[in-house]
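Below are the chains, spelled out letter by letter.
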Amino acid sequence: MYGKNAYNAMPKKRDSSATGRRSTLRILGTACLATCQSHGEPLLLRFVRRHCPFVVHSPQFQFLQRFSRRPAPGSAARSAFGMSHSVTPRERIVITGVGLTSPIGNSLSEFRESLLAGRSGVVVRETRYIGEVLAGVCNFDELRYQKRKEVRRGTRAGSISVYCANEAIRDSGLNWGEVPKDRVGVYLGITEHGNVETENEIFEISKFNYDTSVWSHHHNPRTVANNPAGEVTLSLGITGPHYTLGAACAAGNIGFIQGMQQLWLGDVDLAIVGGVSESIHTFGIFASFKSQGALATHPEPAKASRPFDKARNGIVVAEGGGICTLERLSDAQRRGAKIYGEIVGYAINSDASDFVLPYAKRQAECMRQALRRAKLSPCDIDILNTHATATEQGDIGECQAVREVFGECSNLAVNNTKSFIGHAMGAAGALELLGNIPGFQDGYAHATINLDDPDPACDCGAPQIVANQARQMGQVNYILNNSFGMLGINSVLIVRRFEP
Amino acid sequence: MQPEEIRQVLLDILARIVPDEDLSTLRDDVAFREQIELDSMDFLDIVMELRKQYRVQIPEEDYPNLATMGGAVTYLVPLMKDVKAPA
């Protein structure tokens, strides 16, 4: 119970009136804590500390005290930035800036325009050892935010991250010079990292009869798992926490979830979140999918990525990045930020069933959990963006899960972004969410292209897959984004149209 | 390889390592680090490129000899006397 340590420090002999007074104070202290929980009020905390010592060792008091600390004296920049350090555990979290690179656009507006126009970004690409493969390739200006030396020293995932993060900061309208950099965190989802750099080094030493003395001293800093997020901190001078989240192809969503949770915890005031991938630069990912019988082939590259279509024959691997600024609503409103949407629901769970095969039951559970957290019923969702990668079992499994949860929701639009850009791996969840976010303004659900002959096994029930042409929805209020990955990791995000 | 050829080899390596720097005014008697942005990882790149391209092995205790262009050329002349200049 409350104040166990304080309790032990009290004299053992106590009269009944003291016990009664302490009991009253305990009730009063608990009430104060409840009030603090609602308002994060430091004055009340001080009152509790002074008059109700029995509760100061309680987890609730320590939790609130941690979040109610005042800014350091003389912290002018912090004041100018106007971010609060006092949060309640479930303060509303909003998206305030977007930066991305995809095979069909290097900004949200370009990306959205291509999605609504039905433009594919899949091309033929020469890959070491394998030869020609189909891939989603990005073409952004690496030198916009990096020097040539930085590009050479770093990684492709790092350059993607630096580009997207800088674009997001610029888009957010934050006065970056005024932002306290120790209150910013970087949380990026990755499917894998280091394969590209390791393959490059092995290829390099193969030209020297595998003499390891020519193995690059850059290998370790390039391949450490935090590299993409770390390059962002180097670029932007961020001194708060940074790390990546390895979560297979569910990682993009998980970057958002991690950032949201860190904002809730009060660990940071600004979270730079999302997902990135450089996977098209490793031959291994193509070779492995090919050996698995899951690599797409098609004489016309633009038609290769075809989720839910009978003629689908596997995954098109893509590179890319989608990074956002997340803020507490109170902070965003204080500075008059543009708000793209509010994250209202999320869930992560595990299949615990197979290394690679999906498990519809757990996917459905994940979607239901996100709905519960958002306090929504399935038919409240307007757009459901699927994870489907155009594999036989993956597509069918996800449709089964969607049918189980949303089977009665005839107004739900089900779409798929991979049909345009391929599977951007760690970036997939982020890019697919961001590709749909403009729907809050323009009312469209973008299409699933290449859906010429729908597989009957990919029936979602009453909801219809938006096939080949974008659908005008009227008002879009809620978007649900699925991202699933190997080893059975599922992630779901629900974003709401912003209403103050 | 002659001293002037070795100097050119080093300039070519530096152009790849620090592509944003202007090397046209590089002085031979002043430390690289005082003239261009060159950190320890960049310095190791010079050593690595000499090893890869010309199979020149430079022991760590000799690294101070590479601090300036003049010192590096003097140090490398005996090591690269039988190495052909790049075409």
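Everything below is about the structure shown above.
On a predicted model such as this, the values are computed, not experimentally measured, just so you know.

Draft legend 1. The overall build of chain B, seen in detail. Looking only at helices and strands, chain B features 4 helices and 0 strands. Reading the helices (α) and strands (β) of chain B from amino to carboxyl end gives α-α-α-α. Taking 2.2 N^0.38 as the reference for a compact globule, 87 residues should give roughly 12 Å; the C-alpha atoms of chain B span a radius of gyration of 12 Å, in line with that estimate. The C-alpha extent of chain B, read off along each of the three principal axes, is 30 × 30 × 20 Å. Partitioning the contacts of chain B with sequence separation of at least 6, the portion at a separation of at least 24 is 60%.

Draft legend 2. Structural context of the overall build of chain A. Tallying secondary structure elements over chain A gives 19 helices and 16 strands in all. Scored against the burial criterion, the 500 residues of chain A give a buried share of 51%. Sequence-distant contacts in chain A: of pairs separated by 6 or more residues, those separated by 24 or more amount to 79%.

Draft legend 3. View of the interface of chain B and chain A. Contact with chain B, which involves 8 residues of that partner, is made by 9 residues of chain A. Taken together, the residues of the side of chain B that touches chain A break down into 5 nonpolar, no polar and 3 charged.

Draft legend 4. Quick look at unusual backbone geometry. All names here are of chain A. The phi dihedral of Phe308 falls on the positive side, at around 70°, and the residue is not glycine. One non-glycine residue, Met425, lies in the positive phi region at around 50°. Mapped onto the elements of the fold, Met425 is located in the loop between α17 (418-421) and α18 (428-436). Judged by the 29 C-beta atoms lying within 10 Å of it, Met425 falls in the buried class.

Draft legend 5. Structural detail: α18(A). Burial within α18(A) is extensive, with 9 of its 9 residues counted as buried. Of all the positions in α18(A), only A:Ala428, A:Gly429, A:Ala430, A:Leu431, A:Glu432, A:Leu433, A:Leu434, A:Gly435 and A:Asn436 are classed as buried.

Draft legend 6. Representation of the sheet that holds strand β3 (residues 131-136) of chain A in the model. Read across the sheet, 3 strands follow the order β2-β3-β7 (chain A) without closing on themselves; strand pairing throughout is mixed. The strands lining the two open edges of the sheet, one partner per strand, are β2 (122-127) and β7 (317-318) of chain A.

Draft legend 7. Broad picture of the sheet that holds strand β1 (residues 93-101) of chain A. Residues and elements named next belong to chain A. Taken in spatial order, the 11 strands of this open sheet run β5-β4-β6-β8-β1-β9-β16-β15-β10-β11-β13, and their pairing is mixed. A strand with exactly one partner marks an edge of an open sheet, and here the two such strands are β5 (242-246) and β13 (464-465). Taken together, the 6 bridges between strand β4 (residues 184-190) and strand β6 (residues 270-277) define a ladder with parallel strand orientation. Bridge pairing in β6 places Gly185 opposite Ala271.

Draft legend 8. Local environment of the nonpolar core. Ranked by size, the top nonpolar core spans 122 residues in total, and within it A:Ile272, A:Val316, A:Ile323, A:Met367, A:Ala370, A:Leu480 and A:Val492 carry the most contacts. Sort the elements by how many residues they give to this core and helix α8 (residues 156-172) of chain A lands first, with 8 residues. Setting aside anything within four residues of it in sequence, one finds A:Met367 in contact with A:Ala401, A:Val405, A:Leu480 and A:Val492. Core analysis: the second largest hydrophobic core is formed by 14 residues, B:Val9, B:Leu14, B:Ala72 and B:Met80 among them.

Draft legend 9. Quick peek at the environment of A:Asp395. All names here are of chain A. Within the secondary structure, Asp395 is located in helix α16 (residues 392-406). Assessed through the 24 C-beta atoms surrounding it within 10 Å, Asp395 is described here as buried. Note: C-alpha distance between Asp395 and Glu192 (203 residues apart in sequence) is 22 Å.

Draft legend 10. Up close: the packing of helix α12 (residues 251-265) of chain A against α18(A). Residue and element names in this part refer to chain A. Where α12 contacts α18, the two axes come as close as 5 Å, and the packing angle between them is 80°. As far as their axial angle goes, α18 and α12 are roughly perpendicular. Between α12 and α18, the contacting residues are Ala251, Gly252, Asn253 and Gly255 on the first element and Ala428, Gly429, Ala430 and Leu431 on the second. Its residues assigned to classes, the contact of α12 with α18 comprises 4 nonpolar, 4 polar and no charged.

Rules and cut-offs
Residues numbered from 1 in each chain as written. Chains lettered and ligands numbered in written order. Predicted model: local features only at pLDDT ≥ 70, side-chain atom pairs only at ≥ 80, totals over all residues. Helix = DSSP H or I, 4+ residues; strand = E, 2+ residues; numbered from the N terminus. Rg over C-alpha atoms; globule rule 2.2 N^0.38 Å. Contact = placed C-beta atoms within 7 Å. Buried ≥ 20, exposed ≤ 12 C-beta atoms within 10 Å, placed from the backbone. Nonpolar A, V, L, I, M, F, W, Y, C, P; charged D, E, K, R; others polar. Pairing = 2+ DSSP bridges. Core = buried A, V, L, I, M, F, W, Y, C linked by C-beta atoms within 7 Å. Axes fitted to C-alpha atoms, helices over the stretch in contact; angles between N-to-C directions. Parallel < 35°, antiparallel > 145°, perpendicular 65-115°, else oblique.

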